[in-house]
Amino acid sequence: MLEDLQEKLQRALKRVTGQGRLTQSNISDTLREIRRVLLDADVNYKVAKQFIEDVKEKALGKEVITSVTPGQLITKIIYDELVKLLGNTGAELKLNPSGITTIMLIGLQGCGKTTFSAKLAKYLKDRKRNVLLVAADVYRPAAIQQLKILGSQINIPVFSIDDCKNPVEIASESLLYAKENGLNTVVIDTAGRLHVDEEMMNEAAAIKAKVKPTETLFVVDSMTGQDAVNSAKAFHEKVEFDGVVATKLDGDSRGGCVLSIKAVVDRPIKFTSLGEKLESIEKFYPDRLASRILGKGDVISLVEKAQSQIEEKEAEELEKKLMSNNFDFNDFLKQIKMIKKMGSLKSLIGMIPGINSAIKNADIDDKQLVKVESIIQSMTKGERQNPKILNGNRRKRIARGSGNSIQDVNRLIKQFEEMRRMMKMFSSKAGKTGMLNLKNFRYN
Amino acid sequence: MKLFKNINFEKLKNGLNKSRENLVNKISEKISGKANLDENELEKLEEILISSDIGVPLTEKLIDEIKKKIVIHKERNITLIRNLLFTEMLKIFKNISTENFTSINSKPFIYLIIGVNGSGKTTTIGKLAYNYKTIGNKVMVVAADTFRAAANEQLEVWAKRVDVPIFKNDAKDPSSVVYDSLEIAKNENYDVVLIDTAGRLHTKKDLMDELSKINSVIGKVIPHAPKETLLVLDATSGQNAIIQAQEFNKIVNIDGLVITKLDGSAKGGIVLQISSEKKIPIKFIGVGEHHTDLQNFEAEQFIKAMFD
Ligand SMILES: Nc1nc2c(ncn2[C@@H]2O[C@H](COP(=O)(O)OP(=O)(O)O)[C@@H](O)[C@H]2O)c(=O)[nH]1
Ligand SMILES: [Mg+2]
């Protein structure tokens with residue numbers, strides 16, 4: 001896996017060559033390709049079109065910097081713009097500092113509201129709020145029962161009124177109940193409804209008018225296609241919402257609908273829901289979704305990261321050293337720091353196209369890097385410069401000092417030597433990457 | 001989306017734009033000399049197809065076909081294009097049988113209902129139970145969603161509503177529920193057995209394995225049982241539905257699709273791609289939450305709905 005990463009990194013970095021100026025003609029292929037990528041990811045047709053047009057306009061006004069190809073540069077710009085459009089930083093949930101915080105969830109049928117209500121309730125409970133769940137879906141068979149079961153699994157009370165068919169009443173009663181019972185956070189699950197169903201939309205508006213939620217969240221299934229903009233717009237017109245929740249992101253849908261919704265209804269995406277376990281709720285990270293939407297196109301973000309973070313000169317120096325066999329532990333340490341700057345290994349791997357989700361989800365241990373780093377840091381300057389002097393006693397000291405086993409230290413030194421030997425052997429052919437082969441500091 | 005609504009055909013070949021970046025431009029470039037269409041019209045066409053979730057590959061294919069077909073026509077107008085497109089789309093469903101509600105000669109007839117979370121499986125079971133009962137069959141529903149909270153209760157409400165017996169027990173393993181239910185169905189001479197399963201994302205290996213097990217259990221209890229596995233797809237789904245169909249089909253042979261929530265504004269165009277590639281017939285469509293809201297699939301009507 002790490003080898004694979006290394007390979008991709010090298011390839012990606014190799015592509016950082018050639019110069020150019022952004023012109024209509026040298027970005028048109030890339031733009032066409034990206035437009036298709038967006039549509040394949042379920043970005044709404046109009047949104048995709050507008051987006052590409054905007055980006056193009058911006059891009060044409062720009063100069064090509066140093067060592068990327070026009071195609072790469074435009075892809076990078078697209079990525080940046082996607083992140084910007086999705087909201088640069090994850091938006092926080094609005095909470096009422098005094099009094100009761102009420103959160104109302106709305107959305108189409110089957111989008112995952114009930115499960116998400118429970119997740120959100122648990123999330124808030126874990127953050128020391130006293131939460132009440134409210135079962136206001138009086139239509140779907142056993143919806144109330146479902147919420148009650150979920151509530152009991154997470155030890156959160158569920159408010160419902162038997163035989164009451166009026167969700168407005170249930171919602172408003174629940175607030176009284178919360179007050180009486182000293183609960184400061186109310187999460188209201190409502191029935192799924194179609195945006196074209198006027199009566200049901202009026203009902204949702206009535207619930208909102210009655211309880212005046214601190215936050216109204218629109219829940220959307222991330223597998224939704226082109227129609228997402230229509231439902232989101234209709235919901236927003238009728239029941240103005242404050243934020244969006246994207247569910248079922250544990251699947252392999254690309255989630256373009258979320259971008260579309262953000263584009264047509266300018267509301268922040270506040271949470272993502274990634275599984276049936278009640279812990280699988282996460283804050284929204286615009287960059288992750290941008291990468292996901294671009295899918296195979298996001299090599300460039302890797303390039304970009306690598307590029308901006310690794311100072312070129314430094315890399316060049318390292319490279320020279322690597323080739324000349326003067327590479328020592330100090331250089332090794334520098335290299336590790338560079339890699340760390342680029343983000344966690346896991347997030348880097350997530351950006352590599354063609355890597356399937358199984359691998360993405362696999363446990364990639366950033367701790368390995370930390371371990372190597374700690375070992376090297378426990379070496380003296382002399383030892384780092386001249387690894388040959390690392391005898392048994394020195395190794396023991398390093399192991400103790402860094403809190404690692406002697407085997408760990410031995411393994412690292414052995415691998416380091418091996419690597420140097422290899423680099424020497426291949427130095428004539430080795431690519432000008434300035435990167436070490438990551439497999440050499442793989443620890444288990 | 002109103003097909004062709006805003007297209008002005010007087011505006012013929014009005015100065016082709018210099019930018020020839022998108023599909024539409026490329027097409028108009030090729031046919032502008034022959035057909036009375038300009039890029040706006042074709043773009044509109046493209047927009048309509050893609051906005052219905054038909055997807056880029058099939059949209060390109062359809063527009064390509066039209067481009068070819070239009071050459072032999074002298075009189076090129078919007079009606080012609082519309083008809084050509086209609087015919088092309090209809091072709092996708094040709095030779096894919098959508099026979100339903102046929103008399104059952106060997107029993108019990110087993111329906112295994114599968115799909116991702118929230119697509120409408122349980123509701124569809126309720127509707128199917130109603131329909132089969134109405135034509136005089138002895139119907140049983142089986143609560144084999146042992147995962148979702150209150151799934152049993154939901155199906156129970158449906159069973160009561162349409163007045164059919166439900167099989168359920170406390171087993172955590174859905175295969176064992178299915179096993180037990182089929183023993184009863186066999187012994188008590190049921191005509192139709194409708195098996196509800198938990199929603200599962202096709203990316204979850206353990207859940208897909210579970211499905212495979214359920215499937216093989218059916219074959220064990222009643223070998224050669226007449227059986228249909230129906231994949232329930234939400235009409236609002238985007239391109240991911242293609243992968244869903246593909247992945248589910250690898251695990252269990254999908255005999256048909258049910259497209260739900262067509263009472264909304266989504267067109268369900270994703271099924272065209274699935275039908276054209278996988279030749280999986282669409283058996284039923286869901287048009288509401290009531291037990292009478294299940295209909296046979298009619299290709300013509302379905303496509304017509306996309307046009308208006
Ligand atoms: N409007 C509409 N809603 C539907 C349709 N089919 C199912 N639903 C709703 O979609 C939601 C999920 O359905 P359910 O049967 O529980 O899905 P399951 O998780 O696949 O079993 C429920 O609120 C249903 O009432 C349909 O054809 N039209
Ligand atoms: Mg169900």
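Residues numbered from 1 in each chain as written. Chains lettered and ligands numbered in written order. Predicted model: local features only at pLDDT ≥ 70, side-chain atom pairs only at ≥ 80, totals over all residues.

What to know about the sheet that holds strand β8 (residues 294-296) of chain B
The pairing of strands in a sheet comes from backbone hydrogen bonds and takes either a parallel or an antiparallel form. All names here are of chain B. Spatially, 8 strands are ordered β3-β2-β4-β1-β5-β6-β7-β8 in an open sheet, and the strand pairing comes out mixed. Each end of this open sheet is capped by a strand with a single partner; those strands are β3 (166-167) and β8. Pairing of strand β2 (residues 139-144) with strand β4 (residues 192-197), which is carried by 6 bridges, proceeds in the parallel orientation. Of the residues in β4, the one forming a bridge with Met140 is Val193. (Pairing = 2+ DSSP bridges. Helix = DSSP H or I, 4+ residues; strand = E, 2+ residues; numbered from the N terminus.)

Some details on the site of ligand 1
Around ligand 1, a shell composed of 23 residues is seen, among which Gln109(A), Gly120(B), Lys121(B), Thr123(B) and Gly286(B) lie nearest. Chains contributing residues near ligand 1 are chains A and B. No other element matches the 3 residues that helix α5 (residues 121-134) of chain B contributes to the shell around ligand 1. A breakdown of the residues in the shell around ligand 1 according to their chemical character gives 3 nonpolar, 14 polar and 6 charged. (Near = placed C-beta within 6 Å. Nonpolar A, V, L, I, M, F, W, Y, C, P; charged D, E, K, R; others polar.)

Examining the nonpolar core
Of all hydrophobic cores here, the largest spans 172 residues; its most connected members are Leu133(A), Val134(A), Val220(A), Val142(B), Val193(B) and Leu194(B). If you tally residues by element for this core, the top one is helix α3 (residues 45-60) of chain A, at 7 residues. Here this core spans two domains, since at least three of its residues come from each of domain 1 (3-86) and domain 2 (101-283) of chain A. With near-sequence residues (within four places) excluded, Leu194(B) lies in contact with Tyr111(B), Ile113(B), Ile125(B), Leu128(B), Ala129(B), Val139(B), Val141(B) and Val142(B). Among the nonpolar cores identified, the runner-up in size contains 10 residues, and Phe332(A), Val372(A), Ile376(A) and Val409(A) belong to it. (Core = buried A, V, L, I, M, F, W, Y, C linked by C-beta atoms within 7 Å. Buried ≥ 20, exposed ≤ 12 C-beta atoms within 10 Å, placed from the backbone. Domains from an automatic or database assignment. Contact = placed C-beta atoms within 7 Å.)

What to know about the packing of helix α7 (residues 167-180) of chain A against helix α8 (residues 198-211) of chain A
Working note: a packed helix pair is described by the angle between its axes plus the distance between those axes. Residues and elements named next belong to chain A. Following both chains from N to C, one finds α7 and α8 inclined at 20°, their axes separated by 9 Å at the closest point. Looking at the two axes, α7 sits roughly parallel to α8. The crossing of α7 and α8 is right-handed. When α7 is examined against α8, the residues Pro167, Val168, Ala171, Ser172 and Leu175 are found in contact with a partner set consisting of Glu203, Ala206, Ile207, Lys210 and Val211. For the contact of α7 with α8, the class distribution of residues is 7 nonpolar, 1 polar and 2 charged. (Axes fitted to C-alpha atoms, helices over the stretch in contact; angles between N-to-C directions. Parallel < 35°, antiparallel > 145°, perpendicular 65-115°, else oblique. Left-handed = near helix turned anticlockwise from the far one by under 90°.)

A word on the packing of α5(B) against helix α6 (residues 151-162) of chain B
Residues and elements named next belong to chain B. Here α5 crosses α6 at 20°, and the two axes come no closer than 9 Å. One finds that α5 runs roughly parallel with respect to α6. Note on packing geometry: the crossing formed by α5 with α6 is right-handed. Mapping the contact onto sequence places Thr122, Ile125, Gly126, Ala129, Tyr130 and Lys133 in α5 and Gln154, Leu155, Trp158, Arg161 and Val162 in α6. Tallied by class, residues from the contact of α5 with α6 come to 6 nonpolar, 3 polar and 2 charged.

That is the geometry; function is a separate question.
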